[in-house]
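Geometric and topological summary
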Amino acid sequence: MDRRAFLAALHAALLPTGCLTAPDGGGDASTTPDGSTATPEGDRTSSTPDSDRIAIVVTNGRDATLDVTLTVTSDGDRVYRGTVAVGAGARRTVDPGIDRTGAYELTVALPDGSESVRPFDVEEYDRRTGANLIVEIGERIRILMEE
């Protein structure tokens with residue numbers, strides 16, 4: 001199965017579960033049907049229509065639902081900030097609206113005060129293929145870049 005078809009199928013499979021998708025524009029917080037919130041910031045207009053967005057996939061390996069706060073910055077400016085509820089053993093996909101190349105940093109924060117930060121670069125290849133950031137929450141927080 002080709003990667004785009006797989007991601008499209010995954011996205012379609014997750015939509016009925018109320019996955020968070022950030023609304024276009026504006027800095028106002030929005031609430032999804034499951035009560036999670038997202039506060040998108042920055043320009044949401046893609047400069048290349050045939051490119052895939054970079055997604056953040058959060059997996060909760062703990063025994064309880066977690067409210068995970070995700071913050072993406074670029075050159076000190078906040079590009080995205082949102083909180084997503086991820087059930088025990090569940091996975092959620094978030095679209096932070098990254099559609100430009102450049103240097104970014106993802107901060108993942110949990111209600112217990114634990115936090116993990118990972119710098120990452122987005123290149124043209126990442127935009128064309130829709131590379132994702134993978135956040136695995138278990139005993140600790142791991143952030144990986146799918147390439």
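What comes next concerns the included structure. (Residues numbered from 1 in each chain as written. Predicted model: local features only at pLDDT ≥ 70, side-chain atom pairs only at ≥ 80, totals over all residues. Heavy atoms only, no water.)

Brief notes about the pattern of salt bridges
One pass over the full model with this rule turns up four salt bridges. As a salt-bridge pair, Asp112 and Arg62 come within 3.5 Å of each other at their nearest N and O atoms. Of this pair, Asp112 sits in the loop between strand 7 (102-109) and strand 8 (115-122) while Arg62 is found in the loop between strand 3 (54-60) and strand 4 (66-74), placing the two residues 50 residues apart along the sequence. Judged by relative accessible area, Asp112 falls into the exposed class, the value being 53%. Here Arg127 makes a salt bridge to Glu124, at a shortest N to O gap of 3.0 Å. Taken together, the positions of Arg127 and Glu124, both in helix 2 (residues 124-129) and three residues apart, correspond to about one turn of that helix. Residue Arg127 is classed as buried on the basis of its relative accessible area of 4%. Under the relative-accessibility criterion, Glu124 is labelled partly exposed at 40%. (Salt bridge = Lys/Arg side-chain N within 4 Å of Asp/Glu carboxyl O. Helix = DSSP H or I, 4+ residues; strand = E, 2+ residues; numbered from the N terminus. Buried < 20%, exposed > 50% of the residue type's maximum accessible area, 1.4 Å probe, protein only.)

Some points on the nonpolar core
Grouped together as the largest cluster of nonpolar side chains are 26 residues, with contacts concentrated most on Ile56, Val68, Leu70, Val72, Leu106, Phe120 and Val135. Those elements giving two or more residues to this core turn out to be strand 3, strand 4, strand 5 (77-86), strand 6 (91-98), strand 7, strand 8, strand 9 (132-137) and strand 10 (141-145). The contacts of Leu70, once residues within four sequence positions are left out, are Ile56, Val58, Tyr80, Arg81, Gly82, Val84, Val94, Leu106, Thr107 and Val108. (Core = buried A, V, L, I, M, F, W, Y, C linked by side-chain atoms within 4.5 Å. Contact = heavy atoms within 4.5 Å.)

Regarding the packing of aromatic side chains
Here the structure, examined in full by the defined rule, presents one aromatic pair. Considering the side-chain rings of Tyr104 and Phe120, the 5.6 Å spacing of their centres and the 15° angle between planes classify their relative orientation as stacked. Separated by 16 residues along the polypeptide, Tyr104 in strand 7 and Phe120 in strand 8 bring together distant segments of the chain. Using a relative accessible area of 9% as the deciding quantity, one classes Tyr104 as buried. Residue Phe120 is classed as buried on the basis of its relative accessible area, which comes to 4%. (Phe/Tyr/Trp six-rings, centres within 6.5 Å; stacked < 30°, edge-to-face > 60°.)

So, the sheet that holds strand 10
Reading across from one edge, 6-3-9-10 is the order of the four strands in this open sheet, with mixed pairing throughout. The sheet is open, and its two borders are formed by strand 6 and strand 10, each paired with just one other strand. Taken pair by pair, the neighbouring strands of this sheet meet at an average axis angle of 20°, ignoring direction. Bridge count for strand 9 against strand 10 is five bridges, and the pairing is antiparallel. Paired with Ile134 across the strands is Leu144, a residue of strand 10. (Pairing = 2+ DSSP bridges. Axes fitted to C-alpha atoms, helices over the stretch in contact; angles between N-to-C directions.)

Things to note about the pairing of strand 4
Counting buried positions along strand 4 gives seven out of nine residues, so the element sits mostly inside the fold. Inspection of the sheet shows strand 4 paired to strand 5 by nine bridges, in the antiparallel sense. The residue of strand 5 that forms the bridge with Thr71 is Arg81. Remark: two residues form the turn of the hairpin made by strand 4 and strand 5, two consecutive strands paired antiparallel; Asp75 in that turn has positive phi of roughly 50°. For strand 4 and strand 7, the ladder comprises five bridges, and the chain directions are antiparallel. Opposite Val72, over in strand 7, you have Leu106 as the bridge partner.

Quick look at the pairing of strand 10
One face of the sheet, then the other: side chains in a regular strand alternate in exactly this way. Here strand 10 shows one buried face, formed by Ile141, Ile143 and Met145, and one open face, formed by Arg142 and Leu144. Counting the residues that bridge the hairpin from strand 9 to strand 10 gives three residues.

Everything listed here is a matter of geometry and, on its own, says nothing about what the molecule does.
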